[in-house]
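What follows is the residue order along each chain.
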Amino acid sequence: MERPFYLDMTLDSWTQWVKAQGFGAFVAKQIFEWILKGVQDPQRFNISKDLKKILVDSFLWVLPTIDTRLKSSDGSTKYLLKLFDGKFIEMVLMPSMDRVTLCISSQVGCRMNCSFCQTGKMGLMRNLTSGEILSQILIANQELQDAKVTNIVFMGMGEPLDNFHEVVKALKIMTDPQGLQLSKHKVTVSTSGLVPEIAALGKEVAVSLAISFHTPFDEERSSMMPVNKTYPLDVLKKALLEYPVQTRHGITLEYVMIKDKNDSLRHAKALVKFAHGLKVKVNLIPLNPHPGSPMEPALAENLATFQAYLEERSISAPVRYSRGQDVSAACGQLAVKRKNELGVDPRLLWRDRRSVERSTK
Ligand code: SAH
Ligand code: SF4
């Protein structure tokens, strides 16, 4: 049997494992601390020689590798990471004056099939394990050398709440004072709107929440985001009203501005109506266009009118340009580009797709 990946272990599972080897539970805490400090070699842990040897033999002590590193003119760096099975995920490191934000992936691909999204075109290849999710933070911290990641956003590839169990496992380690010690309001899960999982997330680990919103009209939202057929806007709103709000801004609604699609004043008015009674902020994101798609970003003047309408009604609505546009930062774009460069059809990116899908069922 293949050795388990060392980052997939929680403190509880280390405790059980250590006890089974005949050692005291406190050793598990030491191992866990070394690991989350980023030490990847058990020889460097201050534990007994015997246990070091068993550890080396029992677990897989490697991280996903950096396949491509692209520095953007805006200071962010986009990484294409290669997982142990050869599949690719993306992460984006975005340092700024007062924080270092890391945008991470939760799945290889995504099955939610939103019309404007490149990752959605890939379908779901497989879920990431909690260790693969956490490994993105450890790799970023290695890259940063002197600094450390302070904020996490789940806005890379995948729908985090469609991989609920592994994402929650990773979130607990991220926010655990014995783990990575990130504050809950500095970790944001972004979802297309899986209502039962939003409620469950609020109970399990109430981190900050962002919703891919994109239009206040049910029919239009269902055509852009099939998930809306299952969880329409009134059902989503109820879930948001019940979510334990973490930050002063409440919940973030992400609104990708698409020319002649969702950028009218009629949309802005209906959005204000949706927001009534909620503590929300709206991030206006000009669409990141991708090759082969007829959709274009909204014009600057429509963006400005839309924004002014919201702000005049006391809804904070900053315009957020995707960081790293010059290096294909919108989710899924780099993975597809990489394969195009290699001369492979993006639809065939992951050759063993079917076998993996079977094994994740
Ligand atoms: N699946 C989750 C998180 C990953 S997507 C979700 O949908 O929330 C992260 C964000 O990127 C979402 O708000 C998504 O709507 C947005 N996005 C997807 N394609 C985009 C594009 N072409 N341009 C700009 N933003 C895009
Ligand atoms: Fe998946 Fe989010 Fe893209 Fe929709 S926007 S396809 S949920 S990654």
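What counts, and at which threshold
Residues numbered from 1 in each chain as written. Chains lettered and ligands numbered in written order. Predicted model: local features only at pLDDT ≥ 70, side-chain atom pairs only at ≥ 80, totals over all residues. Heavy atoms only, no water. Helix = DSSP H or I, 4+ residues; strand = E, 2+ residues; numbered from the N terminus. Buried < 20%, exposed > 50% of the residue type's maximum accessible area, 1.4 Å probe, protein only. Contact = heavy atoms within 4.5 Å. Areas by Shrake-Rupley, 256 points an atom, 1.4 Å probe, with all protein chains shown as cover. Polar contact = N/O pair within 3.5 Å; in protein donor to acceptor, adjacent residues only side chain to side chain. Core = buried A, V, L, I, M, F, W, Y, C linked by side-chain atoms within 4.5 Å. Domains from an automatic or database assignment. Near = heavy atom within 4 Å. Nonpolar A, V, L, I, M, F, W, Y, C, P; charged D, E, K, R; others polar. Pairing = 2+ DSSP bridges. Axes fitted to C-alpha atoms, helices over the stretch in contact; angles between N-to-C directions. pLDDT = per-residue confidence, 0-100. Salt bridge = Lys/Arg side-chain N within 4 Å of Asp/Glu carboxyl O. Phe/Tyr/Trp six-rings, centres within 6.5 Å; stacked < 30°, edge-to-face > 60°. Lys NZ or Arg CZ within 6 Å of the ring centre and 35° of its normal.

## Considerations on the overall build of the protein
Part 1 of the argument: When its secondary structure is counted, the protein shows 14 helices and 11 strands.
Part 2 of the argument: The buried share of the protein, reckoned over its 361 residues, is 55%.
Part 3 of the argument: For the protein, contacts bridging at least 24 residues in sequence account for 65% of all contacts bridging at least 6.
Part 4 of the argument: As displayed, the protein offers around 16,800 Å² of accessible surface, 51% of which is attributable to carbon and sulfur atoms.

## Comments concerning helix H11 (residues 265–275)
Part 1 of the argument: Buried residues of H11: His267, Ala268, Ala270, Leu271, Val272, Phe274 and Ala275, and no others.
Part 2 of the argument: Close packing links the buried residues of H11 with helix H8 (218–224), helix H10 (233–242), strand S10 (251–257), strand S11 (280–286) and helix H12 (300–312).
Part 3 of the argument: You can read the cap of H11 off the contacts: a side-chain oxygen lies 3.3 Å from the backbone nitrogen of Arg266, and it is on Ser264.
Part 4 of the argument: Of the residues one or two after H11, Gly277 is the one with positive phi, at around 90°.

## Things to note about the nonpolar core
Part 1 of the argument: Ranked by internal contacts, the top residues of the largest apolar core, which has 107 residues, are Trp14, Ile31, Ile152, Phe154, Leu171, Met174 and Leu201.
Part 2 of the argument: The residues that make up this core include at least three from each of domain 1 (6–58) and domain 2 (65–348).
Part 3 of the argument: Residues within four places of Ile31 in sequence aside, it is in contact with Trp14, Val18, Phe45, Ile47, Leu51 and Leu55.

## What to know about the site of ligand 2
Part 1 of the argument: Inspection of the region around ligand 2 gives Cys110, Met112, Asn113, Cys114, Phe116, Cys117, Gly120, Gly158, Glu159 and Ser192 as its neighbouring residues.
Part 2 of the argument: By residue class, the composition of the shell around ligand 2 is 5 nonpolar, 4 polar and 1 charged.

## Things to note about the sheet that holds strand S4 (residues 100–103)
Note on sheets: strands pair through backbone hydrogen bonds, and any given pair is parallel or antiparallel.
Part 1 of the argument: Strands sit in the order S1-S2-S3-S4-S7-S8-S9-S10-S11 across an open sheet of 9 strands; the sheet is mixed. Edge strands, defined here as strands with exactly one partner in the open sheet, are strand S1 (65–71) and S11. Shown here is a sheet whose adjacent strand axes are inclined to one another by a mean of 20°, direction ignored.
Part 2 of the argument: Taken together, the 3 bridges between strand S7 (residues 151–154) and strand S8 (residues 187–191) define a ladder with parallel strand orientation. Note that in S8 the partner of Val153 across the bridge is Thr188.
Part 3 of the argument: Contacting S10 and S11, H12 runs over the sheet at an angle of about 175° to S11.

## Some details on the site of ligand 1
Part 1 of the argument: In the vicinity of ligand 1, 19 residues are found, and the nearest of them are Ser190, Ser212, His214, Glu254 and Asn288.
Part 2 of the argument: Separating an oxygen atom of ligand 1 from a side-chain N or O atom of Ser190 is a distance of 2.6 Å.
Part 3 of the argument: His214 is positioned such that a nitrogen or oxygen atom in its side chain is 2.7 Å from an oxygen atom of ligand 1.
Part 4 of the argument: About the coverage of ligand 1: the protein hides 93% of its 530 Å² of free accessible area.
Part 5 of the argument: Grouping the amino acids of the shell around ligand 1 by side-chain chemistry returns 8 nonpolar, 9 polar and 2 charged.

## With respect to the confidence of the model for the protein
Part 1 of the argument: Per-residue confidence for the protein gives a mean pLDDT of 89, with 88% of residues at or over 70.
Part 2 of the argument: Of the regions scoring below 50 in pLDDT, residues 338–361 engages in 33 contacts with residues more than four places distant in sequence or in other chains.

## Description of the pattern of salt bridges
Part 1 of the argument: Counted under the stated rule, the structure contains 12 salt bridges.
Part 2 of the argument: One salt bridge connects Asp85 with Lys87, and the closest N-O pair in it is separated by 3.4 Å.
Part 3 of the argument: Residue class for Asp85 comes out partly exposed when judged on its relative accessible area of 33%.
Part 4 of the argument: The partner of Arg111 in a salt bridge is Asp162, with the nearest N and O atoms 2.7 Å apart. One end of the pair, Arg111, is in the loop between strand S5 (107–109) and helix H4 (118–122); the other, Asp162, is in the loop between S7 and helix H6 (164–175), with 51 residues separating them in the sequence.

## Quick look at the environment of Ser48
Part 1 of the argument: With respect to the helices, strands and loops of the structure, Ser48 is situated in the loop between helix H2 (25–36) and helix H3 (49–58).
Part 2 of the argument: On a C-alpha basis, the gap between Ser48 and Phe23 in space is 9.8 Å, while along the polypeptide they are 25 residues apart.

## Observations regarding unusual backbone geometry
Part 1 of the argument: Phi angles above zero are rare outside glycine, and His214 is one such case at about 75°.
Part 2 of the argument: Locating His214 in the fold gives a position in the loop between strand S9 (208–212) and H8.
Part 3 of the argument: Residue Ser314 is not a glycine yet carries a positive backbone phi of 65°.
Part 4 of the argument: Tracing the sequence through the fold places Ser314 in the loop between H12 and helix H13 (333–341).
Part 5 of the argument: On the accessibility criterion, Ser314 (69% relative accessible area) is exposed.

## What about the packing of aromatic side chains?
Part 1 of the argument: Under the counting rule described, the total for this entry stands at 11 aromatic pairs.
Part 2 of the argument: Between Tyr6 and Trp61, the ring centres sit 4.6 Å apart and the planes meet at 25°, which makes this aromatic pair stacked. Of this pair, Tyr6 sits in the segment before helix H1 (11–20) while Trp61 sits in the loop between H3 and S1, and the two are 55 residues apart along the sequence.
Part 3 of the argument: Since its relative accessible area comes to 1%, Tyr6 is described here as buried.
Part 4 of the argument: Residue classification places Trp61 among the buried positions, given a relative accessible area of 12%.
Part 5 of the argument: One aromatic cluster in this structure is built from Phe5, Tyr6, Trp14, Trp17, Trp34, Phe45, Phe59, Trp61 and Phe84.
Part 6 of the argument: Of note, Lys237 hangs over the ring of Phe274, and the distance from its end group to the ring centre comes to 5.7 Å.
Part 7 of the argument: Its guanidinium or amino end placed over the ring of Tyr309, Arg313 lies 3.6 Å from that ring's centre, counting from NZ or CZ.

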